[in-house]
Structures are given as structure tokens and as C-alpha cells.
Amino acid sequence: MPTKKVVHIKTTPAQAPLSPAQKKFNALIKKIDAHKQLLKEWQETFEHCRQDAMEKLEPLKKTMIEHQTAMAHLLDQQFTSNKFTKLQQEKLTHLIVELCEELLRSGDNDKLKAMYNKYTASDYDTEAEEEQMMANDFMKSMLEKEFGVTLDDDDFDLTNPQATAERLAAKVKQREAEAEAAAAARPQRKKSAKQLAKEAKDAEEAANVSKSIQAVYRQLTSALHPDREQDPTERERKTELMQQVTVAYGNKDLLKLLELQLAVEQIDQSKLSSLSAERLKHYNKVLSDQLAELQEEVMLKEDQIRMMVQIPPFEPLSPKRLAMLLKQDVQTMQAEIKRIQQDLRQFKDVKNLKAWLKSFRLPEPDFGFDPFFDGFPPFR
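Thresholds, definitions, all that
- Residues numbered from 1 in each chain as written.
- Predicted model: local features only at pLDDT ≥ 70, side-chain atom pairs only at ≥ 80, totals over all residues.
- Heavy atoms only, no water.
- Helix = DSSP H or I, 4+ residues; strand = E, 2+ residues; numbered from the N terminus.
- Buried < 20%, exposed > 50% of the residue type's maximum accessible area, 1.4 Å probe, protein only.
- Contact = heavy atoms within 4.5 Å.
- Areas by Shrake-Rupley, 256 points an atom, 1.4 Å probe, with all protein chains shown as cover.
- Core = buried A, V, L, I, M, F, W, Y, C linked by side-chain atoms within 4.5 Å.
- Axes fitted to C-alpha atoms, helices over the stretch in contact; angles between N-to-C directions.
- Parallel < 35°, antiparallel > 145°, perpendicular 65-115°, else oblique.
- Nonpolar A, V, L, I, M, F, W, Y, C, P; charged D, E, K, R; others polar.
- Salt bridge = Lys/Arg side-chain N within 4 Å of Asp/Glu carboxyl O.
- Phe/Tyr/Trp six-rings, centres within 6.5 Å; stacked < 30°, edge-to-face > 60°.
- Lys NZ or Arg CZ within 6 Å of the ring centre and 35° of its normal.
- Left-handed = near helix turned anticlockwise from the far one by under 90°.
- Lys, Arg positive; Asp, Glu negative; His and termini not counted.

(A) Examining the overall build of the chain more closely. When its secondary structure is counted, the chain shows 12 helices and 0 strands. Each helix and strand of the chain, ordered N terminal to C terminal, gives the series α-α-α-α-α-α-α-α-α-α-α-α. Burial status across the chain gives 35% buried among its 380 residues. At a minimum sequence separation of 6, the contacts of the chain that also span at least 24 residues come to 69%. Of the roughly 23,800 Å² that the chain leaves accessible, carbon and sulfur atoms contribute 52%.

(B) Region of the structure containing the environment of Ser19. Mapped onto the fold, Ser19 is located in the segment before α1 (20-81). Since its relative accessible area comes to 27%, Ser19 is described here as partly exposed. Separated by 258 residues in the primary sequence, Ser19 and Ala277 place their C-alpha atoms 9.2 Å from one another.

(C) Broad picture of unusual backbone geometry. One non-glycine residue, Ala121, lies in the positive phi region at around 55 degrees. Judged by its relative accessible area of 73%, Ala121 is exposed. Phi at Gln310 is positive, roughly 60 degrees, even though this residue is not glycine. Among the secondary structure elements, Gln310 is positioned in the loop between α10 (277-309) and α11 (319-347).

(D) View of the nonpolar core. In this structure, Val7, Phe25, Leu75, Leu287 and Leu322 are the most contacted members of the largest nonpolar core, which totals 73 residues. With sequence-adjacent residues up to four places away left out, Phe25 is seen in contact with Val7, Ile9, Leu258, Leu280, Tyr283, Asn284 and Leu287. Counting residues in hydrophobic clusters, the runner-up holds 8 residues, among them Leu143, Phe147, Leu168 and Met307.

(E) The packing of α1 against helix α8 (residues 254-263), seen in detail. In the contact formed by α1 and α8, the axes pass within 10 Å of each other and the chain directions differ by 100 degrees. Looking at the two axes, α1 sits roughly perpendicular to α8. Across the interface between the two elements, Phe25, Ile29, Ile32, Asp33 and Lys36 from α1 touch Leu255, Lys256, Leu258 and Glu259 from α8. The residue makeup of the contact of α1 with α8, split by class, is 5 nonpolar, no polar and 4 charged.

(F) Fine view of the pattern of salt bridges. Summed over the entire model, instances satisfying the criterion amount to 13 salt bridges. Close ionic contact of Arg175 with Glu176 constitutes a salt bridge, the shortest N to O distance being 3.8 Å. Between Arg306 and Glu302 there is a salt bridge, with the nearest N and O atoms lying 3.1 Å from each other. Within this pair, Arg306 and its partner Glu302 are both found in helix α10, separated by 4 residues, close to a single helical turn. What makes Arg306 buried here is its relative accessible area of 8%. Here the residues in one salt-bridge network are Asp108, Lys113 and Asp125, joined through shared partners.

(G) Summary view of the packing of aromatic side chains. Under the defined criterion, the tally for this structure stands at 6 aromatic pairs. With 5.2 Å between their ring centres and 80 degrees between their planes, Tyr116 and Tyr124 make a pair best called edge-to-face. Here the two residues Tyr116 and Tyr124 agree in accessibility, since each one is buried. Here the aromatic rings of Phe347 and Trp356 are separated by 5.3 Å at their centres, their planes lie at 55 degrees, and the arrangement is tilted. With relative accessibility at 30%, the residue Trp356 sits in the partly exposed group. Of the aromatic side chains, those joined through ring pairs into one cluster are Phe79, Phe84 and Tyr119. It is Lys354 that lies over the ring of Phe84; its NZ or CZ is 5.2 Å from the centre.

(H) The arrangement of the packing of helix α5 (residues 161-185) against α10 in detail. Two elements in contact, α5 and α10, have axes separated by 8 Å at closest approach and are oriented at 145 degrees. Once α5 is placed against α10, the crossing between them reads as right-handed. Along the contact surface, α5 presents Pro161, Gln162, Thr164, Ala165, Glu166 and Glu176, while α10 presents Glu296, Gln304, Met307 and Met308. Class assignment of the residues belonging to the contact of α5 with α10 gives a composition of 4 nonpolar, 3 polar and 3 charged.

(I) Examining the side chain of Lys91 more closely. Tracing the backbone shows Lys91 in helix α2 (residues 86-106). Buried charged residue Lys91 carries no salt bridge. Nearest counter-charge: Glu90, at 8.6 Å. In this structure, Lys91 is in contact with Leu357, Lys358, Phe360 and Leu362, ignoring residues within four places of it in sequence.

Next comes the structure, spelled out in C-alpha cells:
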């Protein structure tokens, strides 16, 4: 494969400074390349994190759930088998209820539900349904406001972030398509001569822009057509390059087409530097559109990942931070498992349990509701 060469207009001391159009060309190329790299990094990082979560975090999570379940049953057994002061009973009740709530978020368990109902004198299923409705309503309202769409109840489910993110993206596209259709169907006033002239000019400009891409495409296909190549190795190389050309042309990826031209030495630095002002104008229009599409794609990918790993919109996020969050979750889970294993051993002796309860402080009552932080942190 040919080495990727950087598309960039350069100047030398003997030449005139770069024109505004040339500077814009270079800036657009740089931004497009950066967004391509960012999108690729997001995709690779998320896949790597997803794999690590399955291989490293999920087994730890399973172990933690087993230990927490054992702890809930141990505390319940000690509560019913021994005498405790009123304050100790209050503390034990809080710990048992909290454990049951956390465990039931991870999966259905009739014994834990019965334990929860016993210590709260209420019904877990009823409370969970009400809490889920509140969380769904809050997040649904926030996303509708953020993206300017209306989400049906079937479109939104906090228990399935990936499906929700996909439906949200589909709704955004549908909204944009409907807006375009409505604009097209709206009765149009009779256009002035000035408007008609502008439209004609815009249409001519669009045609010229399209021709600019077509010209690059045709030059590449002419040089790389594999059917004209006799050497098998070279034919295979040209076939692979032609596939890249076809994909790039279909995506209107001018940067990729120019990179391929440089790679096969169809153009060189001098030709890039001597592009006519008209051709440069057309190129800049294509590159501007390409950059806007990439920016939107990066934004949608980030929003999708935020939904999947339950990171709020206002929290800074990058591929590097995503990997760091996973690493932190693994380390936190390992430390929590070690701690609960030690507590399980200690609390089998009721004297140790009572001594520990003496130092344990009940948390202040919290009457608020935060759907972002009521539950497991990212990746859990």
C-alpha cells in the first residue's frame, strides 16, 4: 500500500504568501483530518472498552453481587437471631434495605424483594415502577429539549441505553427530513428576477463543485483501472485502490481522493500549490460540507456513547477519559470486593457487627432524585 501523503498547500520564500482561499483550504484539510481521527479513535476506544468491560469488569461485578447478596442475608440473619438496641436496629435496617435496592437494580430476586418489603413495610415492585417512570420522564424531557424531537414512550427506556440512543438518532434524522419536506411543500411566492438569478448562479456553482469532484474521480479511475493492468500483483493493488476511490467518491470525500492522487503520484505538491482560484473555491465548498458532516457524525457518536455508559451531557468526555473511567471502575470494584470479603468474615461474630455499627453513621435524609447518579457508575 502506498504511504499516505499529507494534502497541504505549501509556499516557499520565493513565492507570494498564501491567498485567503489557500489558507482556508489548508485549515479545512487539517480540521477534516482531525475529525476523521477523532471519529476513528471514538470507535476504536469504545470497542476496546466494551471488550474490557466484558472480560474484566463483568466477572468482578458478578463476584460483587454474590458477596452483597451474602451480606444482605447475613445481616438479616443476625437481625432476627440477636438483640439490638433501637439505634442498632435502625442502622441494620438501613443497610439491608440499601443492599436490597442495589442488588435488585442488577436483577430480579424474589427473596431480596421479600427482604426489602419486610424491612420497609412497602412493596418493591410498586416503588421501582414509580421510580423508573420518574427517571424516564426526566431524561425523556431533557433529551427532547436538547435535540428538538418528541420521543414516544416506546422510544425511551433507561434500561436499554443503546436502543434509546439509536432511536434518538433516528428521530433527529426524521425531524430534519420532515423539516425539509415541509419547506419544499410550502407555497412559494413568485420569485424576483434577483432571486432567480441567485438560484441559477447557485445551481451553476453546485454543478461546478460536482464537476470538480468528478474530475478527480475520473483521473483516478483512468489511472487505476485494474482491467488495463497485465501484471497480477499490480492488478490486485489497483483493484484495492479503485475500491477506495469508489467509496471516497460515493461519500464525496474530496480529501481522500486528493490523498489517493498524491499517493499514486498523479499530482504533486507543485500542482496543489498552483490550483486555480476557481478550482480552489469549488474544493473549499466540498471540504466545508464534508467537515460539517463529520462534525455532526462525531457529535452523534459521542452522544450515543454517553447514553450507553450513562454519562451526563454536562460531564466532559473524550476517548481517553472513557478508557480512564473503565480503569477506575475496575480498580474500585476490586477494592470493594476486598472490603466486603473482610466484612463478611467479621460480621459472622455479632460482637464485631455491633462494634462496627457503633461507628457507622446513618446518612442524612435525601429527598431529591437524581437519575444520573442513582445507580451504578459508568460501565457498571
